[in-house]
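# Summary of structural features
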Amino acid sequence: MNKIVVENFSLTYSDGTESLQNINLKIKANAITALIGPAGGGKSTFLRAMNRLNDLADVATLAGHLFIDGQDVLDPKVNIIQLRRTAGIVFARPMPLPLTIYENIVFGLRVAGERRKEVLDETVEQALRQAQLWDEVYDRLNDSAFAISGGQQQRLCIARVLALHPEIILLDEPTSALDPISTAKIETSLLELKENYTIVIAPHSIQQAARIADDVAFFLQGEVVEFAPGEKIFTRPEDKRTQDYVQGRFG
Ligand SMILES: Nc1ncnc2c1ncn2[C@@H]1O[C@H](COP(=O)(O)OP(=O)(O)OP(=O)(O)O)[C@@H](O)[C@H]1O
Ligand SMILES: [Mg+2]
């Protein structure tokens, strides 16, 4: 099933940078889709657009459609708060709130009015287990989120997104600042989460895409040069530019 359908999507920033030109993608539910390509290709711009975060940036023109379950995210009538619950986003640098581990996870639920302690407790445990962090922090949930390592903080940020029961998880180089152990735990977590979520990630390396991706889109200077199952992109890509990139000839 296609969870996200991108049709002729283009985005130009106010300084004239044509960051995305006529992007077309069909992103499957219960799969990991990786966006790869050299710097400046438009991967982050695309992920932010899915979450309507570009509303805050200097965007001059937007065209085309970004459908989630048939509804266009770009429709001005879209409820942005609801959209950001449906599609949670995780960035490269872990950004916990200056609160305890527990309060970081339940923050969104409290804002939404949830007060039942048993619901909050259960959500914390479940989200931390899904993010592969529970075993490391279950006995210090009331410590500051800043008292744990960067890798643990990033898993906490993933748990915070999961606590809101999203359908889509967007991740922009979530492991680029992390140690190999935390990176491996996040990859394990994503492979488990895809059973129940739609995952779109700009991985921090081609190797990471090869380890976890079902489908891969190769972004080059604002265009999707090739979109195919990872196995095809990595072993027999159709476009010479894809081949050169995955073989490390530029990057
Ligand atoms: N806020 C902005 N204002 C103007 N131009 C921007 C803005 N953000 C990104 N760009 C430009 O849009 C293009 C795409 O950038 P983007 O950050 O989406 O690429 P990326 O594929 O995520 O790159 P990287 O691999 O370095 O993270 C680049 O030319 C970049 O300079
Ligand atoms: Mg980026």
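Up top you'll find the structure we're talking about.
Residues numbered from 1 in each chain as written. Chains lettered and ligands numbered in written order. Predicted model: local features only at pLDDT ≥ 70, side-chain atom pairs only at ≥ 80, totals over all residues.

## Thoughts on the site of ligand 1
- The environment of ligand 1 is formed by 15 residues, the closest being Tyr13, Ala39, Lys43, Ser44 and Thr45.
- No other element matches the three residues that helix H1 (residues 43-50) contributes to the shell around ligand 1.
- Looking at the shell around ligand 1 residue by residue, the classes come out as four nonpolar, eight polar and three charged. (Near = placed C-beta within 6 Å. Helix = DSSP H or I, 4+ residues; strand = E, 2+ residues; numbered from the N terminus. Nonpolar A, V, L, I, M, F, W, Y, C, P; charged D, E, K, R; others polar.)

## Notes on the sheet that holds strand E2 (residues 18-28)
- Across the sheet, four strands lie side by side as E2-E1-E4-E5; this open sheet has antiparallel pairing. The open sheet terminates on both sides in strands that have one partner only, identified here as E2 and strand E5 (71-72).
- Two elements, strand E1 (residues 2-13) and strand E4 (residues 59-68), share eight bridges in a ladder whose sense is antiparallel. Its bridge partner lying in E4, tyrosine 13 is registered against valine 59. (Pairing = 2+ DSSP bridges.)

## Some remarks on the sheet that holds strand E10 (residues 223-229)
- Pairing in this open sheet of six strands is mixed, and the strands run E6-E7-E8-E3-E9-E10 from one edge to the other. Strands with a single pairing partner mark the edges of an open sheet, and in this sheet they are strand E6 (87-90) and E10. Taken pair by pair, the neighbouring strands of this sheet meet at an average axis angle of 15 degrees, ignoring direction.
- Relative to strand E7 (residues 168-172), E6 runs parallel, the two sharing four bridges. What sits directly across from glycine 88, in E7, is isoleucine 169. (Axes fitted to C-alpha atoms, helices over the stretch in contact; angles between N-to-C directions.)

## Concerning the environment of glycine 41
- Residue placement: glycine 41 occurs in the loop between strand E3 (32-36) and H1.
- Residues within four places of glycine 41 in sequence aside, it is in contact with Phe219, Leu220, Gln221 and Gly222. (Contact = placed C-beta atoms within 7 Å.)

## Focus: the nonpolar core
- Ranked by internal contacts, the top residues of the largest apolar core, which has 61 residues, are Ala159 and Leu170.
- No other element matches the six residues that helix H6 (residues 150-162) contributes to this core.
- Excluding its chain neighbours within four sequence positions, the residues that come into contact with alanine 159 are Ile105, Ala127, Leu128, Gln130, Ala131 and Leu133. (Core = buried A, V, L, I, M, F, W, Y, C linked by C-beta atoms within 7 Å. Buried ≥ 20, exposed ≤ 12 C-beta atoms within 10 Å, placed from the backbone.)

## Some remarks on the environment of arginine 84
- Relative to the assigned elements, arginine 84 resides in helix H2 (residues 80-86).
- Under the C-beta neighbour-count criterion, arginine 84 is labelled partly exposed, with 17 such atoms within 10 Å.
- Counting along the chain gives 80 residues from arginine 84 to leucine 164, while the straight-line C-alpha distance between them is 9.6 Å.

## Points about the pairing of E10
- By the bridge criterion, six bridges tie strand E9 (residues 215-220) to E10 in an arrangement that is antiparallel. Its bridge partner lying in E10, valine 216 is registered against alanine 228.

## So, the pairing of E7
- The buried fraction of E7 is high, at five of five residues.
- On E7, burial covers both faces: Ile168, Leu170 and Asp172 on one face and Ile169 and Leu171 on the other are all buried.
- As judged from the five bridges shared by E7 and strand E8 (residues 198-202), these two strands associate in the parallel manner. Pairing of aspartate 172 across the sheet is with alanine 202, part of E8.
- Crossover handedness for the path E7 to helix H7 (residues 180-193) to E8: right-handed. (Right-handed = clockwise from strand over helix to strand, strands pointing away.)

## Overview of the packing of helix H3 (residues 101-111) against H6
- Between H3 and H6, whose axes approach to 7 Å, the crossing angle comes to 30 degrees. As summarised for this structure, H3 and H6 are arranged roughly parallel, according to the angle between their axes. The two elements H3 and H6 meet at a crossing, and its hand is right-handed. Facing Ile101, Asn104, Ile105 and Phe107 of H3, the residues of H6 in contact are Leu156, Ala159 and Arg160. (Parallel < 35°, antiparallel > 145°, perpendicular 65-115°, else oblique. Left-handed = near helix turned anticlockwise from the far one by under 90°.)

Interpretation note: all reported values are geometric properties and have no functional meaning in isolation.
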